[in-house]
Amino acid sequence: DDTGARILGDAVWELVTTCCENMYEPEAQMEFIFVFASREYRKGFRSTHLKAVGKAMEAVFQLILQGDEWIDKTVQAWHWFWKNLSTTMMQELEALETGLCDEVLQKWDMVKARTDMESLGQIFWVHLNDEAPEQTKIFMRPLKMWGLLLHHIVDMLIISIKDPERFFAELFQLTIRHIRYGVRPEYLTPFGAALFSTMEELLGEEWTERAQKAWKLVWKRASDSIARGLNVGSNALTYALVAGDVDALEQSVSVAPRWKRARTLCRMEIEGADLSPLYWALHDGKFALTEFMLCDLLTIRGDLHGYYYGRQELFEHHKDLILEIGKEEPALFKVLLDGLMWHSKHKLPGGQVRVNYYIKDIYGVPTEYIDPWRSPLAHLISLADNDTFKHPVVTKVIELKWRSFGLKMFLLKELWFIIHLILFMVAHLGDPDGCSEEAGQMKIVLTLFAALTLAMGLVMVGSQIYSRKVISISVPILGTSIHVPRALCSVWSQIRNISMILLLVVYGTTSARGVWHQNGACSQKCAEISELSTLDSIQIVSLVNSTGCLLPANTSLWDTGTFSTTSFSFLNDSYVEIPPDVRPSQLTSRRLQALAALSMWVQLLQSSIISKAMAAFTYSVSTMLVDISHSLVLILVLTFAFGSALSILEEEPFNTGFDNSIVTLIQEVLGVSQPTYDNISSTTRCFLLLFIMFVTIVMLNVLIAQLTITYERVISNMEAHALKHRASLCLDMESFLPMSWRQRIFERFRFDEPL
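Note that residues are indexed from 1 along each chain, following the sequence as it is written. Side-chain atom pairs in this predicted model are given and counted only at pLDDT of 80 or more, local residue features only at pLDDT of at least 70, and totals for whole chains, interfaces and linings cover all residues. Water and hydrogen atoms play no part in the side-chain values, which are based on all heavy atoms of the structure.

1. Quick notes on the overall build of the protein
The following threshold applies: Helix and strand definitions here come from DSSP, where helices need a minimum of 4 consecutive H or I residues and strands a minimum of 2 consecutive E residues; each element is numbered from the N-terminal end. Each residue is assigned to one of three classes by its accessible area relative to the maximum for its type, calculated with a 1.4 Å probe on protein chains only: buried under 20%, partly exposed between the two thresholds, exposed over 50%. By definition in these notes, contact holds between two residues if any of their heavy atoms fall within 4.5 Å. Using the Shrake-Rupley algorithm and a 1.4 Å probe, accessible areas are obtained, with residue cover drawn only from the displayed protein chains.
If you tally the helices and strands in the protein, you get 34 helices and eleven strands. For the protein, the residues scored as buried account for 44% of the 755 residues in total. A separation of at least 24 residues holds for 69% of the contacts in the protein among residues at least 6 apart in sequence. Accessible area for the protein stands at about 40,900 Å²; split by element, carbon and sulfur atoms hold 59% of it.

This is the structure:
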């Protein structure tokens, strides 16, 4: 029918056109025929069909190429072409029809049943050593590994039988791996002989002529393809890479023209695929070769036709170069960065020199890095050491980002939170009792500011989740990892969020209880309470607690004896503070406000990043605190231990509870307001002396020594850490900018403009 004819026609057309395209690559032509024969066999094509197909195709060509185009020479060419093609097809189809390939599967199953991995490896190694001793010296491995190697090779042969398309797809990676091991095409023949000798020894009489024919057919197919890949990929450059020989590598690239030298080191083609010699050396741990290639690529050369500099080819073929160097050998960063700057040998007045910075690829093209935290600078932050951040190239990149948008955005953000702090302080310093109309209004404004800030933060978090700007954080307890938006990963962001939440809780809940009313209700209620002399004490306490106000000291209630003045503390001549047991809700509110005030002031420490000196100092302090945290924990545990023991003995001054005992011991350590110990027993005195010995003498001296060591260590890294922190802030700010803004800033630098 028409459908069948079209399917057959498409298959024959594919066969002829592909074989013609590979006319001068016979190995590639044979590989296609193997795949084609296996595929068409499953559809019903047999070896007996080849003769009829050949005649039909000749008739079609004769019909199309009439007259002068179909001459004797053309006929002879067709007969030669079809004979070669059909001979290989016939061989493959007959092997499939007679079940010859199944012989390989059966015999391999018998071998696996009769021997273990190590014994198989030993037998194979002996035969290979007899055939080619040099190969056993290349692959120095245990006998069990030789058995695994043979298993892997035979599994590949079986794949070539069952699924030729998959076999030839995976053959590329196998070929590349063997080139990197130093395998040469001439090694394949003795390797195959050792394989057949191993099979013969293990199978004995069952190693029949038919079995030999099947194994040799399958091995020839695979080895020919591997040899083709090895021949294509083996040259002076690959031999130098395999040997790790810098001199040989230099010699192999020295013959290339200057205009082609960079491409030679960045790209080599094997089996139709592009490979990077630079990555080859880097991933194999041959860092001397990698250093040579980086230096050679980033050397400026010239001839009569122009200047040549391999930076563009380097980053064009290695988009993730910074990431790969950071993972494999961060020490190579200096080599790379040195090559990205050129400075004149001549000094200008003032001792300065002219410098060219080639930093486009370190800065990162915005359209290529939608998420700034995946850019080259981000990889430097996470993988590079402190010395790298002192390099002029990195410093220049950070300076460009900081001056163009980082500083402005940071100041705007800090200004927003400084306004919060100013409003908060004005509200509480101007009216500490919170009983004025202005204080109530200020609290409403603070609540609105806090709500707006948290809302903007939620929008920011949502946008980062939507655009997948997240960090994967491992949770060992759950055995998994979670994705957290970057906006939630900053310590400073967490402090700000906590302070805003505290403000909302404090002022939002008091508003819900009706503390804030229009027309200065708080002040009005305070005034009303002072005049209600007819109310009893319970009613007065209820009103005062609900308003959150302080009771005027000159109220007539004190004269009538409604309240006992001994229950209250007079703050001044005007007001009396209601005791905590009378107003618990107000006490909780003030505690939360105190925490909010502390966190809002702590936020200002981040502003130190504006000054390198202040940022370096902040880094030093934070690092020292982290380093001594273990000692502080130990001191705290010892203090709690001795505090509990002394409070149990209940001797003065440790007879007022556990918390007061802890305070007393801390005073003893710090030498501040130390109490006297006149009337304590020998047991208490013994505990106290032990505490002084372990904590005051031993641990404090250890702490001082540790601080000295830490200071000496961090003093040299202060500037680098300040730059790294500034770079992190720039990336945070950049991630919030629209792509159009980022691209406009990038284009303003005119990186592509010749110097």
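2. Remarks on the pairing of strand β8 (residues 480-485)
As a reminder, the rule being used: The rule for pairing is simple: two strands pair if DSSP sees at least two bridges between them.
In terms of strand pairing, strand β7 (residues 470-475) meets β8 through six bridges, oriented antiparallel. What sits directly across from Ile473, in β8, is Ile482. Two successive antiparallel strands, β7 and β8, enclose a turn made up of four residues, where Gly479 displays a positive phi of approximately 70°.

3. As for the pattern of salt bridges
Under the convention used in this document: What makes a salt bridge here is a side-chain nitrogen of Lys or Arg within 4 Å of a carboxyl oxygen of Asp or Glu, nothing more.
The final tally for this structure, using the stated rule, is 22 salt bridges. With its nearest N and O atoms 2.9 Å apart, the salt bridge here joins Arg301 to Asp296. Linking Glu399 and Arg403 is a salt bridge whose minimum nitrogen-to-oxygen distance equals 3.0 Å. Taken together, the residues span about one helical turn, with Glu399 and Arg403 both in helix α23 (residues 392-430) at a distance of four residues. Since its relative accessible area comes to 61%, Arg403 is described here as exposed.

4. Focus on the confidence of the model for the protein
Test applied: The predictor's confidence in any single residue is recorded as pLDDT, a number from 0 to 100.
When pLDDT is averaged across the protein, the result is 80; 85% of the residues are at 70 or more. When the elements of the protein are averaged for pLDDT, strand β10 (residues 569-570) gives the smallest value, 40, and helix α19 (residues 333-338) the largest, 95. The model gives residues 511-584 a pLDDT under 50, and that stretch makes 108 contacts with residues more than four places away or in other chains.

5. Let's talk about a nonpolar patch on the surface
Stated precisely, the cut-off is as follows: What makes a patch is a set of residues exposed beyond 30% relative accessible area and free of salt bridges, joined within 9 Å when like-charged and within 5 Å when nonpolar (Val, Leu, Ile, Met, Phe, Trp, Tyr).
Where nonpolar side chains cluster on the molecular surface, the patch consists of Leu690, Met693, Phe694, Ile697, Val698 and Val702 and spans about 470 Å² of accessible area. Topologically, Met693 is positioned in helix α32 (residues 682-714).

6. Some words on the packing of helix α1 (residues 2-21) against helix α4 (residues 72-97)
Here is the rule we go by: Geometry is summarised by axes, namely lines fitted to C-alpha atoms with helices restricted to the contacting stretch, and by angles between N-to-C directions that run from 0 to 180 degrees. Angles are sorted into four bins: roughly parallel if under 35 degrees, roughly antiparallel if over 145, roughly perpendicular if 65 to 115, and oblique for all others. Gly is placed with the polar residues, together with every amino acid not listed as nonpolar (Ala, Val, Leu, Ile, Met, Phe, Trp, Tyr, Cys and Pro) or charged (Asp, Glu, Lys and Arg).
The contact between α1 and α4 brings their axes to 12 Å, and the two run at 105°. By the angle between their axes, α1 is roughly perpendicular relative to α4. Contacts between α1 and α4 pair Leu15, Val16, Cys19 and Cys20 from the former with Phe81, Trp82 and Leu85 from the latter. Taken together, the residues of the contact of α1 with α4 sort by class into seven nonpolar, no polar and no charged.

7. Here's the deal with the nonpolar core
Our working definition: Grouping buried Ala, Val, Leu, Ile, Met, Phe, Trp, Tyr and Cys residues that are joined through side-chain atoms within 4.5 Å yields what is termed a nonpolar core.
Membership of the largest hydrophobic core comes to 66 residues, with the highest contact counts inside it found for Met293, Leu314, Leu336, Leu340, Leu380 and Phe389. Apart from the residues within four sequence positions on either side, Leu336 is in contact with Leu294, Leu298, Leu314, Phe315, Leu321, Ile322 and Ile325.

8. A look at the layout of surface pockets
Unoccupied space between atoms shows up once a probe the size of one water molecule is rolled over them. For the record, the criterion: Here a cavity is any set of points on a 1 Å grid over the protein atoms alone where a 1.4 Å probe fits but cannot get out, and a pocket is any open set with protein on both sides within 12 Å along at least 5 of 7 lines; a residue lines the site when it has an atom within 4 Å of a point. Grid points are joined across faces, edges and corners, and a volume is the space filled by probe spheres set on the points.
Each pocket or cavity is described by its volume, and for the largest pocket that value is around 1,700 Å³. Lys413, Ser490, Ser493, Arg496 and Gln606 are the residues nearest the centre of the largest pocket, which is lined by 49 residues in total. Elements with a contribution of two residues or more to the lining of the largest pocket: α23, α24 (437-466), α25 (491-512), α30 (612-649) and α33 (718-736).

9. What to know about helix α12 (residues 236-243)
For clarity, the cut-off: Directions from the helix axis toward the C-beta atoms define the arc.
Within the span of α12, buried status applies to Leu237, Thr238, Ala240 and Leu241. Down the axis, α12 shows its buried residues gathered within 160° of arc, on one side only. Residue Gly244 follows α12 closely and has a positive phi angle near 70°.

10. Describing the packing of aromatic side chains
Both the distance between ring centres and the angle between the ring planes are used here to describe each pair of aromatic rings. Cut-off, in case you're wondering: Pairing of aromatic side chains here covers Phe, Tyr and the six-membered ring of Trp, requires ring centres within 6.5 Å, and sorts the geometry by plane angle: under 30 degrees stacked, over 60 edge-to-face, intermediate tilted.
Enumeration over the complete set of coordinates arrives at 18 aromatic pairs. Relative to Trp219, the ring of Phe191 lies with its centre 6.2 Å away and its plane at 15°, an arrangement referred to as stacked. Here the residue Phe191 occupies a position in helix α10 (residues 188-203), and Trp219 occupies one in helix α11 (residues 209-233), the gap between them amounting to 28 residues. You'll find Phe191 and Trp219 in the same group, each marked buried. Geometrically, the ring pair formed by Tyr363 and Phe751 is tilted, given 5.6 Å between the ring centres and 50° between the ring planes. One end of the pair, Tyr363, is in helix α20 (residues 360-363); the other, Phe751, is in the segment after α34 (739-748), and 388 residues separate them in sequence.

11. What to know about the packing of helix α5 (residues 100-114) against α10
So the rule is basically this: The hand of a helix crossing depends on one turn: near helix anticlockwise from the far one by less than a right angle means left-handed, and clockwise means right-handed.
Packing of α5 against α10 brings their axes to within 10 Å, and their N-to-C directions diverge by 65°. When the interaxial angle is binned, α5 and α10 end up roughly perpendicular. Considering the relative orientation of α5 and α10, their crossing is left-handed. Note on element contacts: α10 touches α5 through Met199, Leu202 and Leu203, opposite Lys107, Trp108, Met110, Val111 and Arg114. Tallied by class, the residues present in the contact of α5 with α10 amount to six nonpolar, no polar and two charged.

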